[in-house]
Amino acid sequence: MGLGVRWTLHGDGRTPAPGAVVKPDERLSWPRTVGLGAQHVVAMFGASFVAPVLMGLDPNLAIMMSGVATVLFLLATRGRVPSYLGCSLSFVGVAAVIRAQGGGSAAVTGAILVVGVVLFLSGLAVRTFGAGIIHAAMPPVVTGAVVMLIGFNLAPVTAHTYWPADQWTALLTMLFTGLAVVCLRGFWSRIAIFLGLVFGYAISWLFDRVFGKIHSLDGSGRVTDHWRLDLSAVSKADWIGLPSVHAPSFHWSAVLVALPVVIALIAENAGHVKAVGEMTGDPLDDTLGTAIAADGAATVLSTAVGGPANTTYSENIGVMAASRVYSTAAYWAAAGFALLFGLCPKFGAVVAAIPGGVLGGITVILYGMIGLLGAQIWVHNKVDLRNPLNLVPVAAGVVIGVGGVSLKVSDNFELSGIALGTVVVLSGYHLLRALAPAHMKREEPLLDAGTSTYDDEARRP
């Protein structure tokens, strides 16, 4: 069994025939493959730009380690699962909470490293016992709730940090990004976040020229007169150089805040593997454990040197769906581009200069989309929230997670926000299920009797 680094040429290596699919172990000509790799890099750039900036981590290191993580993932799955591992946005709220508690970048990466270890062990468990243990331990009602509270817990960050930096730039960026997501088609819709960033840069530059400096929050959190777009660090940065690295540090309070995100990462990986399997026509259930373990290992490797967590990117699934090219050779090319970008400090300086107002407009949509992915999990799996067994733990956990409710256990130990909300949803669901009457454990009809003609005839295609 090889490492998945050998590809056969698809057809003449040029344009696939109408309806044809370029499989993971096939490739087009190398120039076209490299071009597709560049397209994958652009698709992941928007979120991968934003994630390290929002977490206070080095964007150069983040991009470089995403390339390393992608290579590791492709080797571990032996080229069967085409995927790009970009910087995970699921930890943005975690980083904000840890920093609010007085932790620095080392504490943030240390907490995420522990999550990576847990994710790796979870992958090994899935390989050993099968994918059924995921559904048993984390059914869709729980997974959806945790993803939802992770996303919506970030709302105060936008409201109190980014949006006040420049409300009008934030509003215009939000409107443009929303229009790009909805109105653009194909590949362009997949890079809507990136286009929103470019638009925000341009508006910030224009407002500086027309209105001068703005009196608002700057990057350090102080209210001062400053330029919206400050590119002074870009001219000073070198074209070639190694990104800055740091060792992680470990604190129980930070680890407990980060651990719930492992549920979201498992859900992301499971959804990605299932989607790719359906698109390529190759059932990939047997690779799920390996994919999860590889994601965990990649996250451990990245955070060990000061980078963020990495996870499979849905943006790149969109590129594959649009092009019908699932060749892993394109992902090797994308990983190579990411490594090169990571070695360019000037590129990192441009990313770090993203104006606060631009981040405000982007994160309003981005954080909301993360949270609503939880609702999508419920809808896709037909979770019935009329059933008190589902409704009660979800209602309590989401409000605790979004509202930042805290539970002080001792002078040195406190659970709050994401961590406490996840504990309530996960433990509450399983405890209530053990005590609930039998009729609550059965699947209820999707619609109330007498209110719909939802019957066998309606189910037919």
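Residues numbered from 1 in each chain as written. Predicted model: local features only at pLDDT ≥ 70, side-chain atom pairs only at ≥ 80, totals over all residues. Heavy atoms only, no water.

Enquirer: Residue-level account of the overall build of the protein chain, with values.
Expert: Looking only at helices and strands, one finds 22 helices and eight strands in the protein chain. Taken across its 461 residues, the protein chain has 49% of its residues classed as buried. Long-range pairs, those at least 24 residues apart, make up 78% of the contacts in the protein chain with a sequence separation of at least 6. (Helix = DSSP H or I, 4+ residues; strand = E, 2+ residues; numbered from the N terminus. Buried < 20%, exposed > 50% of the residue type's maximum accessible area, 1.4 Å probe, protein only. Contact = heavy atoms within 4.5 Å.)

Enquirer: Outline the packing of helix H2 (residues 59–76) against helix H14 (residues 288–304), supporting the account with residue identities and numerical values.
Expert: Where H2 contacts H14, the axes come no closer than 9 Å and their chain directions differ by 150°. Relative to H14, the element H2 lies roughly antiparallel. Two packed elements cross with a definite hand, and for H2 against H14 that hand is right-handed. Where H2 abuts H14, its residues Met 65, Val 68, Ala 69, Leu 72, Phe 73 and Ala 76 lie against Thr 290, Ala 291, Ala 294, Asp 295, Ala 297, Ala 298, Leu 301 and Ser 302. (Axes fitted to C-alpha atoms, helices over the stretch in contact; angles between N-to-C directions. Parallel < 35°, antiparallel > 145°, perpendicular 65-115°, else oblique. Left-handed = near helix turned anticlockwise from the far one by under 90°.)

Enquirer: So, the nonpolar core: which residues are in play, and what are the values?
Expert: Counting residues in hydrophobic clusters, the biggest one holds 93 residues, and the most contacted among them are Met 55, Phe 91, Val 94 and Tyr 367. Those residues in contact with Tyr 367 that sit more than four places away from it in its chain are Leu 54, Val 92, Gly 151, Phe 152, Leu 154, Val 157, Thr 158 and Tyr 162. Counting five residues, the second-largest nonpolar core is a separate cluster that includes Val 22, Leu 28, Leu 36 and Val 325. (Core = buried A, V, L, I, M, F, W, Y, C linked by side-chain atoms within 4.5 Å.)

Enquirer: Account for helix H10 (residues 192–211), naming residues and giving values.
Expert: Under the 1.5 Å per step criterion, the end-to-end length of H10 is 27 Å for 20 residues, consistent within 8% with the ideal 28 Å. For H10, every residue scored as buried is listed here: Ala 192, Ile 193, Leu 195, Gly 196, Leu 197, Gly 200, Tyr 201, Ile 203, Ser 204, Phe 207 and Asp 208. (Expected span 1.5 Å × (residues − 1).)

Enquirer: Provide a residue-level description of a nonpolar patch on the surface, including the pertinent values.
Expert: A cluster of nonpolar residues, Val 117, Phe 120, Leu 121 and Leu 124, forms a patch on the protein surface that exposes about 300 Å² of accessible area. Mapped onto the fold, Val 117 is located in helix H4 (residues 105–129). (Patch = residues over 30% accessible without salt bridge, like charges linked within 9 Å, V, L, I, M, F, W, Y side chains within 5 Å. Areas by Shrake-Rupley, 256 points an atom, 1.4 Å probe, with all protein chains shown as cover. Salt bridge = Lys/Arg side-chain N within 4 Å of Asp/Glu carboxyl O.)

Enquirer: Describe the packing of aromatic side chains, naming the residues involved and giving the relevant values.
Expert: Counted by the stated rule, this structure contains three aromatic pairs. Each ring, one from Trp 7 and one from Trp 30, has its centre 6.0 Å from the other, and the planes form 85°; the classification is edge-to-face. Of this pair, Trp 7 sits in the segment before strand E1 (8–9) while Trp 30 sits in helix H1 (residues 30–55); the two residues are 23 residues apart in sequence, bridging distant segments of the chain. Look at Trp 30 and you get partly exposed, because its relative accessible area is 42%. Aromatic pair Phe 176 and Phe 199: ring centres 4.3 Å apart, planes at 0°, arrangement stacked. (Phe/Tyr/Trp six-rings, centres within 6.5 Å; stacked < 30°, edge-to-face > 60°.)

Enquirer: Please set out the pattern of salt bridges residue by residue, giving values where relevant.
Expert: Opposite charge on two side chains lets them pair, provided their charged atoms get close. Tallied over the entire structure, the rule returns four salt bridges. A salt bridge links Arg 80 to Asp 286, with the nearest nitrogen and oxygen atoms 2.8 Å apart. Here Asp 286 lies in the loop between helix H13 (261–280) and H14 and Arg 80 lies in the loop between H2 and strand E3 (85–87), a separation of 206 residues in the sequence. Residue classification places Asp 286 among the exposed residues on the basis of a relative accessible area of 55%. Members of the salt-bridge network, linked through shared partners, are Asp 166, Asp 208 and Arg 228.

Enquirer: Go over the side chain of Ser 327, please, and point to the residues and values.
Expert: Looking at the element boundaries, Ser 327 is found in the loop between helix H15 (314–323) and helix H16 (328–342). Classification of Ser 327 by relative accessible area gives buried; the value is 3%. What Ser 327 contacts, discounting residues up to four positions off in sequence, is Trp 7, Val 22, Lys 23, Pro 24, Glu 26 and Arg 27.

Enquirer: Tell me about the confidence of the model for the protein chain, and name the residues and values.
Expert: Do not read the fine detail of predicted coordinates wherever pLDDT is low. In the predicted model, the protein chain carries a mean pLDDT of 81, and 89% of its residues have values of at least 70. Within the model, the stretch residues 444–461 combines pLDDT values under 50 with 14 contacts to residues more than four positions away or in other chains. (pLDDT = per-residue confidence, 0-100.)

Enquirer: Explain the environment of Ser 216 to me, and be specific about the residues and the numbers.
Expert: Looking at where Ser 216 falls in the secondary structure, it is placed in strand E4 (residues 214–217). Its relative accessible area of 6% is what places Ser 216 among the buried residues. Residues Ser 216 and Pro 164, 52 residues apart in the sequence, show an inter-C-alpha distance of 6.9 Å. In terms of polar contacts, Ser 216 uses its side chain to reach the backbone carbonyl oxygen of Ala 165, at 2.5 Å. (Polar contact = N/O pair within 3.5 Å; in protein donor to acceptor, adjacent residues only side chain to side chain.)

Enquirer: I'd like to hear about helix H3 (residues 92–100), residue by residue, with values.
Expert: Looking at H3, one finds that the buried residues are Val 92, Gly 93, Val 94, Ala 95 and Ile 98. The positive-phi residue at the C-terminal boundary of H3 is Gly 102, with phi of around 100°.

Enquirer: Go over the environment of Phe 337, please, and point to the residues and values.
Expert: Positionally, Phe 337 belongs in helix H16. Residue Phe 337 is classed as partly exposed on the basis of its relative accessible area of 27%. For Phe 337 and Val 41, which are 296 residues apart along the polypeptide, the C-alpha to C-alpha distance reads 7.2 Å. Look past the residues within four positions of Phe 337 in its chain and what remains in contact with it is Val 34, Gly 37, Ala 38 and Val 41.

Enquirer: Break down the packing of H4 against H14 for me, with residues and values.
Expert: As a packed pair, H4 and H14 sit with axes 7 Å apart at the nearest point and diverge in direction by 160°. Taken together, the axis directions place H4 and H14 in an arrangement best described as roughly antiparallel. Where H4 crosses over H14, the handedness of that crossing is left-handed. Listed contacts from H14 to Thr 109, Ile 112, Leu 113, Gly 116, Val 117, Leu 119, Phe 120, Ser 122, Gly 123, Leu 124, Val 126 and Arg 127 of H4 are Leu 288, Gly 289, Thr 290, Ile 292, Ala 293, Asp 295, Gly 296, Ala 297, Thr 299, Val 300, Thr 303 and Ala 304. Its residues placed into classes, the contact of H4 with H14 shows 13 nonpolar, nine polar and two charged. (Nonpolar A, V, L, I, M, F, W, Y, C, P; charged D, E, K, R; others polar.)

Enquirer: Outline unusual backbone geometry, supporting the account with residue identities and numerical values.
Expert: A positive phi angle is found at Arg 78, which is not glycine, with a value near 55°. Positionally, Arg 78 belongs in the loop between H2 and E3.

Enquirer: Could you give an account of the environment of Asn 390, naming the residues involved and the relevant values?
Expert: Note that Asn 390 resides in helix H19 (residues 388–403). Accessibility expressed as a relative area gives 11% for Asn 390, which makes it buried. C-alpha of Asn 390 to C-alpha of Gly 428: the two residues are 38 residues apart in sequence and 9.6 Å apart in space. For Asn 390, the residues in contact, after removing those within four places along its chain, are Val 141, Val 383, Asp 384, Leu 385 and Tyr 429.

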